[in-house]
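Residue-level structural notes
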Amino acid sequence: MKTKIITSSFRVVALTAFLLSGQSCKDILDEQVISNIGNDYINTPKGFEDATRAAYSSLRNFYASERGLTMTEYGTDIYQAGADGSYKGFQFYDSQLNSSYDILQQLWEELYKGINTCNAVITRAPTTAGVSDATKKLRVAEVKFLRAHYYFILTQQFGGIDLRLTETLEPTKAVTRASEADMYKAIVADLEAAIPDLDTKIRSNDYGRATKGAAEHLLARVYLTKATSSAKAADDYAKAATLAQSVISNYGYKLLPDFASVFAQGSGEINDEVIFAVQYTSDPLTNINSANTNNGDGNKLHLYFGMQYDVQPGMKRDIANDRPFKRLRPTTYLLETVFKDRVNDSRYKKTFKDTWYSNNPGANLNTSFDNSKAKITLNAGDTAIYIPGVEWTVAQRAAKKYQVLVPSLYNAALFPTLQKFLDPQRPDLTYEQGSRDYLAFRLAETYLILAEAQLKLGKTTDAVTAINAVRRRAAFTGKESAMEITAAQMDMNMIYEERARELAGEQMRWFDLKRWGNLVERVKAYNPDAAANVKETNNLRPIPQTQIDRSSKAADGSPGFPQNPGYN
């Protein structure tokens, strides 16, 4: 059993613009809580290690969190608004999407805390006594990977921001907005510096740390994104392809034979396809939010994709079927176009839950949505709800002893449920803090990065080879050859759809649409909730108002940290 690097919440005092100073240390691996630590603690061997581990913890603020999901899957071409939930402005692109949203401030503050912890490790490494040069080199490489990662997330969301590459030791209002080109220059420099010094393989007692493969995958993604930004360079796609090919060829990663097994909970999350995972745990000490951090919620993605099964006849809420928050409903485009092939491609069947078994049996229960029959009788364990994914006639549905949910009956509360993140290992049916690791980088995406870069380079045959590796794995047994595409079928639309089929719900779609430059076009075409309001300014998020208010004003009295266009 590999020991995870469950990161602590230790923070260096120094903070940007509006961040408040304060420190605590919580080393979850040792289950010790340490408080009242002075700023010199990081200069000790133990403090240096704790600070490096702490730098990872900000990943949990974004990945597998409500805020991260809201800022990546809401308001796209593949997901529209469900019946419930907060932050509807991200779904509708209306006046609710403004600079006062708390999740914008939370992401901003926490990632800058992570960045400053990285800066502290880098700044203090040369003078920290009692740590070998080899360890220092490795830890600095890790935090450069993390710093690049945090700045990449922030740059995609907000554009050019305050670029700090040295430790900030006290609160300051003096901030400036760097250009997008400066942001990418720093991101690329960090990753290029980190790659030579990172471990090739994950050490058995340190699962979760950055490796060469993780850094190369991230840099490939950075170059793919940079290629369509204002900082684009002629060789961006070539560099992305080279890096992606290296990840595929040099580190022993393999696509698992079965798509569904990638998302198996527990030990299955540590597998040959995973390049980098954000660590979560069932330890309640880790899963406690505090005023100083928003990283203690556990993996919460199990909450947001579920339909309202628990009020249907024969059903009640249970642990196995999870809590249905009904935040995200798949668009018709996702279900009927992206997942149109269900004969050869197993991913519709393995992505969406289609059957619910009765856990609240009874006789002559009034049906809710299935108008083919007035009542049903269910014993424990009987099928209560079935979603065939295609239309059935009234007669076909009437012949079944359970409710059948067909596409014409889908609504904001009833729809196919994404099952990648369901968490039946929670201790009770109300518990929200899931313990699944979040698979941030996996090899299937590396192949898709490679395919996209090669297509952009005009290497269509090579792009077909890369994308077919993913498609063959997705095939039902015996259908592998039917899943392969030809060069004539290889275009950007294939990339659009293949990334949706493979990566639905995995906190990438908004980033993808922005990178492709078709966010507005595709949202208007495929998302009826957002079509009326989405506009080009939505390719950036509003800067948190707290950042603007707490920044020094310019000499002419204008905001020292300008808001992004189109927001107030």
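What you are looking at is a predicted structure, and each value in this text was computed from that prediction instead of being measured.

Of regular secondary structure, the chain possesses 19 helices and 13 strands. In terms of overall size, the chain behaves like a compact globule, its C-alpha atoms giving a radius of gyration of 24 Å where 568 residues would be expected to give roughly 24 Å. Each principal axis of the C-alpha distribution contributes one length, and for the chain these read about 75 × 55 × 55 Å. Counting over 568 residues, the chain shows a buried share of 63%. Here the analysis covers contacts within the chain between residues at least 6 apart in sequence; of these, 72% occur between residues at least 24 apart. When the accessible area of the chain is evaluated, it comes to approximately 20,900 Å², of which 50% is carbon and sulfur surface.

Further remarks concern the confidence of the model for the chain. With 92% of its residues at a pLDDT of 70 or more, the chain has an overall mean of 92. Confidence, read as mean pLDDT per element, is least for strand β1 (residues 25-27) in the chain (31) and greatest for helix α13 (residues 443-456) (99). Below a pLDDT of 50 lies the segment residues 13-35, which in the model reaches 75 contacts outside its immediate sequence neighbourhood of four places, other chains included.

Examined against the element boundaries, Asp462 turns out to sit in helix α14 (residues 460-474). For the pair formed by Asp462 and Leu450, sequence separation is twelve residues and the distance between their alpha carbons is 8.8 Å.

Another aspect to go through is helix α17 (residues 509-516). Here α17 lies mainly inside the structure; eight of its eight residues are buried. Buried within α17 we find Arg509, Trp510, Phe511, Asp512, Leu513, Lys514, Arg515 and Trp516. Directly after α17, the chain includes Gly517, whose backbone phi takes a positive value near 75°.

Among the nonpolar cores identified, the biggest contains 154 residues, and Phe145 and Met490 are the most heavily contacted of them. Tallying contributions element by element places helix α6 (residues 133-158) first for this core, with 13 residues. The contact partners of Phe145, leaving out residues within four places of it in the chain, are Leu191, Ala194, Ala210, Ala214, Ala215, Leu218, Phe276 and Phe441. Core analysis: the second largest hydrophobic core is formed by eight residues, Tyr207, Phe259, Val262 and Val274 among them.

Tracing the backbone through its elements, the reader meets Val278 in strand β4 (residues 274-278). When the C-alpha atoms of Val278 and Ala530 are compared, they prove to be 31 Å apart, with 252 residues separating the residues in sequence. Beyond its immediate stretch of four places on either side in the chain, Val278 contacts Leu59, Arg60, Tyr63, Asp437, Tyr438 and Ala440.

On to the pattern of salt bridges. Evaluation of the coordinates by the stated rule reveals 43 salt bridges. The residue Arg471 makes a salt bridge to Glu498 at a minimum N-O spacing of 2.9 Å. One end of the pair, Arg471, is in helix α14; the other, Glu498, is in helix α16 (residues 492-503), with 27 residues separating them in the sequence. Accessibility assignment for this pair places Arg471 and Glu498 in one class, buried. One continuous salt-bridge network, built from bridges that share partners, spans Glu273, Asp345, Arg347, Lys420, Arg442, Arg471, Arg473, Glu497, Glu498, Arg501, Glu502 and Glu506.

Turning our eyes to something else, we now look at the sheet that holds strand β11 (residues 403-404). The strand order across the open sheet formed by three strands is β7-β10-β11, and the pairing between neighbours is mixed. Both edges of this open sheet fall to β7 (355-357) and β11, since each of them pairs with a single strand only. As paired strands, strand β10 (residues 383-386) and β11 are joined by two bridges and run parallel to one another. From the neighbouring strand, Ile385 faces β11, where its bridge partner is Gln403.

With that settled, the discussion passes to the packing of helix α1 (residues 45-57) against α6. Taken N-terminus to C-terminus, the directions of α1 and α6 make an angle of 20°; their axes are 10 Å apart at the nearest point. The orientation of α1 relative to α6 falls into the category roughly parallel. Viewed along their axes, α1 and α6 form a crossing whose handedness is left-handed. Contacts between α1 and α6 involve Phe48, Glu49, Thr52, Ala55, Tyr56 and Ser57 from the first element and Thr135, Lys136, Arg139, Glu142, Val143, Leu146 and Tyr150 from the second. A class-by-class count of the residues in the contact of α1 with α6 yields six nonpolar, three polar and four charged.

The next subject is the packing of aromatic side chains. In this structure the tally under the stated criterion is 26 aromatic pairs. What links up through ring pairs into an aromatic cluster is the set Phe62, Tyr63, Tyr438, Trp510 and Phe511. Sitting over the face of the ring of Trp356, Lys353 holds its NZ or CZ atom 5.2 Å from the ring centroid. A cation over an aromatic ring shows up here: Arg541 above the ring of Trp510, its NZ or CZ 3.9 Å from the ring centre.

Remark: helix α5 (residues 102-124) packs on α6, axes separated minimally by 9 Å, with the N-to-C direction vectors making an angle of 155°. On the basis of their axis angle, the class for α5 and α6 is roughly antiparallel. Where α5 crosses over α6, the two elements pack in a sense that is left-handed. On α6, the residues touching Leu104, Leu107, Trp108, Leu111, Tyr112, Gly114, Ile115, Cys118, Asn119, Val121 and Ile122 of α5 are Arg139, Val140, Val143, Lys144, Leu146, Arg147, Tyr150, Tyr151, Ile153, Leu154 and Phe158. Its residues assigned to classes, the contact of α5 with α6 comprises 17 nonpolar, two polar and three charged.

Despite not being glycine, Lys326 has its phi angle at roughly 55°, a positive value. In this structure, Lys326 sits in the loop between β4 and β5 (328-330). The phi torsion at Gln507 lies on the positive side, around 60°, for a residue other than glycine. Mapped onto the elements, Gln507 comes out in the loop between α16 and α17.

Here three bridges tie β7 to β10, and the two strands are oriented antiparallel to one another. Each bridged residue has a counterpart across the sheet, and for Thr355 the counterpart in β10 is Tyr386.

Here we come to the side chain of Glu73. Mapped onto the elements, Glu73 comes out in the loop between α3 (66-70) and β3 (79-81). Summary of buried charges: Glu73 has no salt-bridge partner, and the nearest side chain of opposite charge, Arg509, is 6.7 Å away. Reaching out from Glu73, the side chain makes a polar contact with the backbone nitrogen of Gln507 at a distance of 3.0 Å.

What follows concerns α1. Think of an α-helix as turning once every 3.6 residues; residues three or four places apart then point the same way. For α1, which comprises 13 residues, the first-to-last C-alpha distance of 19 Å matches the rise-based estimate of 18 Å (1.5 Å per residue) to within 8%. In terms of burial, α1 is largely enclosed, as ten of its 13 residues are buried. Taken together, the buried positions of α1 are Gly47, Phe48, Asp50, Ala51, Thr52, Arg53, Ala54, Ala55, Tyr56 and Ser57.

Conventions we followed
- Residues numbered from 1 in each chain as written.
- Predicted model: local features only at pLDDT ≥ 70, side-chain atom pairs only at ≥ 80, totals over all residues.
- Heavy atoms only, no water.
- Helix = DSSP H or I, 4+ residues; strand = E, 2+ residues; numbered from the N terminus.
- Rg over C-alpha atoms; globule rule 2.2 N^0.38 Å.
- Buried < 20%, exposed > 50% of the residue type's maximum accessible area, 1.4 Å probe, protein only.
- Contact = heavy atoms within 4.5 Å.
- Areas by Shrake-Rupley, 256 points an atom, 1.4 Å probe, with all protein chains shown as cover.
- pLDDT = per-residue confidence, 0-100.
- Core = buried A, V, L, I, M, F, W, Y, C linked by side-chain atoms within 4.5 Å.
- Salt bridge = Lys/Arg side-chain N within 4 Å of Asp/Glu carboxyl O.
- Pairing = 2+ DSSP bridges.
- Axes fitted to C-alpha atoms, helices over the stretch in contact; angles between N-to-C directions.
- Parallel < 35°, antiparallel > 145°, perpendicular 65-115°, else oblique.
- Left-handed = near helix turned anticlockwise from the far one by under 90°.
- Nonpolar A, V, L, I, M, F, W, Y, C, P; charged D, E, K, R; others polar.
- Phe/Tyr/Trp six-rings, centres within 6.5 Å; stacked < 30°, edge-to-face > 60°.
- Lys NZ or Arg CZ within 6 Å of the ring centre and 35° of its normal.
- Lys, Arg positive; Asp, Glu negative; His and termini not counted.
- Polar contact = N/O pair within 3.5 Å; in protein donor to acceptor, adjacent residues only side chain to side chain.
- Expected span 1.5 Å × (residues − 1).

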